[in-house]
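Okay, here's what each chain looks like letter by letter:
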Amino acid sequence: MYATPATLPAARSGAAHGGALATTESADATRSADATRSADATRSANATHSAETTGCAETAESANAAAYAHAAAYEDAAAYADAAARPVDLASRARILSLIEPHELWASAYVPTEGDLLLGTYCVQRQIGRGSFGTVVRARHVVTNTAVAVKVLHKLDWLHLGVRHEERVYKLLLRGCSPNISLFAKVLGSGVDQGFSCTVFELCDLTICDIIKGGAGLVPLPPAHLCEIANQIMRGVAYLHSLGLIHTDIKPDNIALRRADTVALRQMDGAGVFHPKRILASTAICIIDLGGVVTFKQASRMKGLNCAPMYRPPELILGLPWSYGVDTYAVGCVIAELYLLGNLFHAEVASDREHLAIIERVLDRFPLGFAVAVEQQVPGTFHTALAASVIFPPAGAAYNAAKYTFAMQRVLEAEHITARVHDVELVDLLLNLLMVDPAGRIPLHVALRHVYFDKLRRPRAM
Ligand SMILES: Nc1ncnc2c1ncn2[C@@H]1O[C@H](COP(=O)(O)OP(=O)(O)OP(=O)(O)O)[C@@H](O)[C@H]1O
C-alpha cells in the first residue's frame, strides 16, 4: 500500500516555499541542523519510503540515506527560519498568488527584452516561456557564448523569499549521487538583477506541451519514443521521491526535451503509401520547474495544493491529505496525454464534482471503502449503497437543470481509458498510476518494473 500522510495538512506550498525559501543559505543551515532532527525526519521519510528507496537500483543506498538526512535537515532549518521570520504567514505562494490580481502581478514583472544584460553576464535573446512566478528568457553568456534559460521572477516581496529555492532543490538532488540527476535541468546559478531574482538554467529545446500541441511536427510519437520518455519521467520523479521530495507540479509544460534535433524517415501508411516523417534523434528529457518541490513532511502539514487542474488527483479535489501520489497521478496524466495527444479528461470542467464524475467514467469506480471514508468528511459526494458512485449533478441540482446540461453532456461523453488507449500494457500501467484511491496507487519505483518497459530492457540486435 502506498502510504498517505496521517494528519490533515495545514498549508500549501507557502509553508514549504516560504519555509524553505526563507532560509538564507541551505547548505550552511543544513550543516548546522542537529543530528536529532535529521534522524527524526529521516525516520518519517523512511516510514513511507523505505521500500521505494530500495527499489531504485541506480541510487546507492548510503547516498540516499545521506540525502534523506540532508533533505530532513534542510526542511527543519527551513521550517525554523520560516517560524522565525514569518510566524503567522503559512499561506502558500500559490494561495497568495490567487489573491493577487493578475495586473498587480504583471505590474511587478520585468520582462527582459532582446539585448538586455542579465546578472552582467547573460545577453537576452528572446522570451521562451511565461509562468505564474516569472518570465523565462533565452540568453547567451557574453564570454563563452553558451545559450542558457534565465527565469526572472516577478518583483514581489513574498516571491523574493523564493529566489534560490530551485537552486537549493537541485543541490539536494546532486547530493543524492545518482545518474538520475541528468533527468533534471541543470541549475547554473542565481542572483538578483535590478531587484529582480534570476535563476540560470541549462537551456532545453522544447517541452512535452509543445510536442503534444503538434507545433514541432513530431506527433504521433513512435511507440518506442513514448516508452523511453515515459520511463525517464518516471525515473526522474521516482528519484525525487526516493529523497523524500515531492515535485507537486508535474505537467507537460514542466517536462522538456534536451534537444529537438530530428531525423527524416519515410513512413508507410495503411494503403502502402510512403509519407515523409520526422522523428526525434534523441528522446533525452529533463524535468524543469523545481519551484514547487516540497518535502514529505511539509506536504503532510499542508492543506490542499494548487496544481494544474487537469493533473489534480481525487485526494486534492476532495481536500484530503496528499503525498507522493499526487506526482504519480500527474505522471500518469502526462503519459496518457502524450499518447492521446490531448487531455485524458475533459479540458474544461466547471466544478470539482464534475471533475470527479469524469474521473469515475474515464478511470474506475471509486472503491467503496474510500467513498465511505470521504462521505464522513465531505458528505453528499458519493452514493455508497451497494457500490460507490459520484453524486452528479449534486443533490438539489435538478432545480437548476440548465446549469448542468452541458456538464452532464461532458460527463456522459467521457470515454473509459481502455476505449482510447489501444496498447494493453500501457493501459495497465496507466490504470495503476491513475488509481483513484491514493492508497492503492502504485509507487513509481515499482511502476518502473512494469511489463510495458520490458522493451527497453531487451538487448538490442547488433
Ligand atoms: N530550462 C529551460 N529551457 C527551456 N525552456 C524553459 C526552461 N525553463 C522553463 N522554460 C519555459 O518557461 C516556461 C515557464 O517556466 P516555469 O514552469 O519554470 O515557470 P513558473 O513561473 O514556475 O511556471 P508555473 O506557472 O508552471 O509555476 C516553461 O513551461 C518552459 O516553456
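As the structure is a prediction and not an experimental result, all values here were calculated from the model.

Undergrad: Help me understand the UniProt feature "binding site: ATP" (unreviewed entry) in the protein chain, please; the structure alone is not making it clear to me.
TA: Following the UniProt record, the feature "binding site: ATP" (unreviewed entry) maps to K151 here. Inspection of the secondary structure assignment puts K151 in strand β4 (residues 147-153). Overall, the relative accessible area of 13% leaves K151 in the buried class. Contacts of K151, omitting those with residues within four sequence positions, involve T135, V136, E166, S197, C198, T199, F201 and D289. Here E166 takes part through its side chain, which lies 2.8 Å from a polar atom of the side chain of K151.

Undergrad: Teacher, can you tell me more about the site of the ligand here?
TA: Lining the immediate surroundings of the ligand are 20 residues, of which S132, F133, K151, E202 and C204 lie closest. A distance of 3.1 Å separates an oxygen atom of the ligand from a polar side-chain atom of N254. Between D289 and the ligand, the recorded distance is 3.0 Å, taken from a side-chain N or O atom to an oxygen atom. For the ligand, whose free accessible area comes to 620 Å², the fraction covered by protein is 89%.

Undergrad: Sorry, what's going on with helix α10 (residues 223-242) here?
TA: Because an α-helix completes one turn every 3.6 residues, residues spaced three or four positions apart along the sequence face the same direction. The end-to-end C-alpha distance of α10, which contains 20 residues, comes to 28 Å, matching closely the 28 Å that a straight helix rising 1.5 Å per residue would cover. For α10, a buried count of 16 out of 20 residues is recorded, marking the element as mostly surrounded by other parts of the structure. Of the residues trailing α10, G244 is marked for its positive phi of about 80 degrees.

Undergrad: Is there a simple way to explain the sheet that holds strand β1 (residues 117-118) in this structure?
TA: By way of backbone hydrogen bonds, the strands of a sheet pair with one another, either parallel or antiparallel. Taken in spatial order, the six strands line up as β1-β2-β3-β4-β6-β5 in an open sheet, and their pairing is antiparallel. Each edge of the open sheet is held by one strand with a lone partner, namely β1 and β5 (187-193). As paired strands, β4 and strand β6 (residues 196-202) are joined by five bridges and run antiparallel to one another. Its bridge partner being in β6, K151 is matched across the sheet by T199.

Undergrad: Please clarify how the nonpolar core should be interpreted in this entry.
TA: General note: in soluble globular proteins, nonpolar side chains tend to be found buried as a group. Grouped together as the largest cluster of nonpolar side chains are 88 residues, with contacts concentrated most on M234 and F345. The residues touching F345, leaving out its near neighbours within four places in the chain, are M310, Y329, C333, H355, I358, I359, V362 and L363. Counting 12 residues, the second largest nonpolar core, distinct from the first, contains Y110, V137, V150 and V152.

Undergrad: Sorry, what's going on with the domain arrangement of the protein chain here?
TA: In many analyses, interface size is given as the accessible surface area lost on bringing the parts together. Taken domain by domain, the protein chain holds domain 1 (84-202) and domain 2 (217-257 + 287-456). In this assembly, 17 residues from domain 1 lie in contact with 14 residues from domain 2. Regarding the contact of domain 1 and domain 2, the summed buried area is about 1400 Å², with carbon and sulfur atoms giving 65% of it. For domain 1, the biggest contributors to the area lost against domain 2 are L173, L183 and F184; these three give 36% of the whole. At the boundary of domain 1 and domain 2, one finds one salt bridge. Of the charged contacts, one joins D289 and K151 as a salt bridge, the two residues approaching to 3.5 Å between their closest N and O atoms. Counting the contacts that link domain 1 with domain 2 gives six residue pairs in polar contact (both at pLDDT 80 or more). When residues of the side of domain 1 that touches domain 2 are traced back to their parent elements, those giving at least two are α5 (93-99) and α8 (165-175).

Undergrad: Before we go on, may I ask you to explain the environment of D364 in this structure?
TA: Looking at the element boundaries, D364 is found in the loop between α14 (352-362) and α15 (368-377). On the accessibility criterion, D364 (39% relative accessible area) is partly exposed. For the pair D364 and L290, spaced 74 residues apart in sequence, the C-alpha separation works out to 31 Å. Leave out the neighbours within four places in its chain, and D364 touches I359, H416, L431 and V436.

Undergrad: Explain the pattern of salt bridges to me, please; I cannot follow it from the model alone.
TA: A side chain with one charge can pair with a side chain of the opposite charge if their charged atoms come near. All told, the structure shown has nine salt bridges when counted by the stated rule. The shortest N-O distance in the salt bridge between K151 and E166 comes to 2.8 Å. Residue K151 is found in strand β4, and its partner E166 is found in helix α8; the two are separated by 15 residues along the sequence. Per residue, the accessibility class of K151 equals that of E166, and both read buried. As a salt-bridge pair, R410 and E354 come within 2.6 Å of each other at their nearest N and O atoms. Taken together, the residues R410 in helix α16 (residues 401-413) and E354 in helix α14 connect sequence positions 56 residues apart. Here the two residues R410 and E354 agree in accessibility, since each one is buried. Members of the salt-bridge network, linked through shared partners, are K151, E166 and D289.

Undergrad: Is there a simple way to think about the packing of helix α13 (residues 325-340) against helix α18 (residues 424-433) in this case?
TA: Two quantities define a packed helix pair, namely the angle between the helix axes and the distance between the axes. The geometry of α13 relative to α18 is characterised by a closest axis approach of 8 Å and an angle of 150 degrees between their N-to-C directions. By the angle between their directions, the pair α13 and α18 is classed as roughly antiparallel. The two elements α13 and α18 cross, and the hand of that crossing is left-handed. For the pair α13 and α18, the contacting residues are T328, Y329, V331, G332, I335, A336 and Y339 in the first and L426, L430 and L433 in the second. Looking at the contact of α13 with α18, its residues break down into eight nonpolar, two polar and no charged.

Cut-off values and rules
- Residues numbered from 1 in each chain as written.
- Predicted model: local features only at pLDDT ≥ 70, side-chain atom pairs only at ≥ 80, totals over all residues.
- Heavy atoms only, no water.
- UniProt positions renumbered as here; feature names shortened; annotations may be inferred.
- Helix = DSSP H or I, 4+ residues; strand = E, 2+ residues; numbered from the N terminus.
- Buried < 20%, exposed > 50% of the residue type's maximum accessible area, 1.4 Å probe, protein only.
- Contact = heavy atoms within 4.5 Å.
- Polar contact = N/O pair within 3.5 Å; in protein donor to acceptor, adjacent residues only side chain to side chain.
- Near = heavy atom within 4 Å.
- Areas by Shrake-Rupley, 256 points an atom, 1.4 Å probe, with all protein chains shown as cover.
- Expected span 1.5 Å × (residues − 1).
- Pairing = 2+ DSSP bridges.
- Core = buried A, V, L, I, M, F, W, Y, C linked by side-chain atoms within 4.5 Å.
- Domains from an automatic or database assignment.
- Buried area = accessible area lost by both parts, 1.4 Å probe.
- Salt bridge = Lys/Arg side-chain N within 4 Å of Asp/Glu carboxyl O.
- Axes fitted to C-alpha atoms, helices over the stretch in contact; angles between N-to-C directions.
- Parallel < 35°, antiparallel > 145°, perpendicular 65-115°, else oblique.
- Left-handed = near helix turned anticlockwise from the far one by under 90°.
- Nonpolar A, V, L, I, M, F, W, Y, C, P; charged D, E, K, R; others polar.

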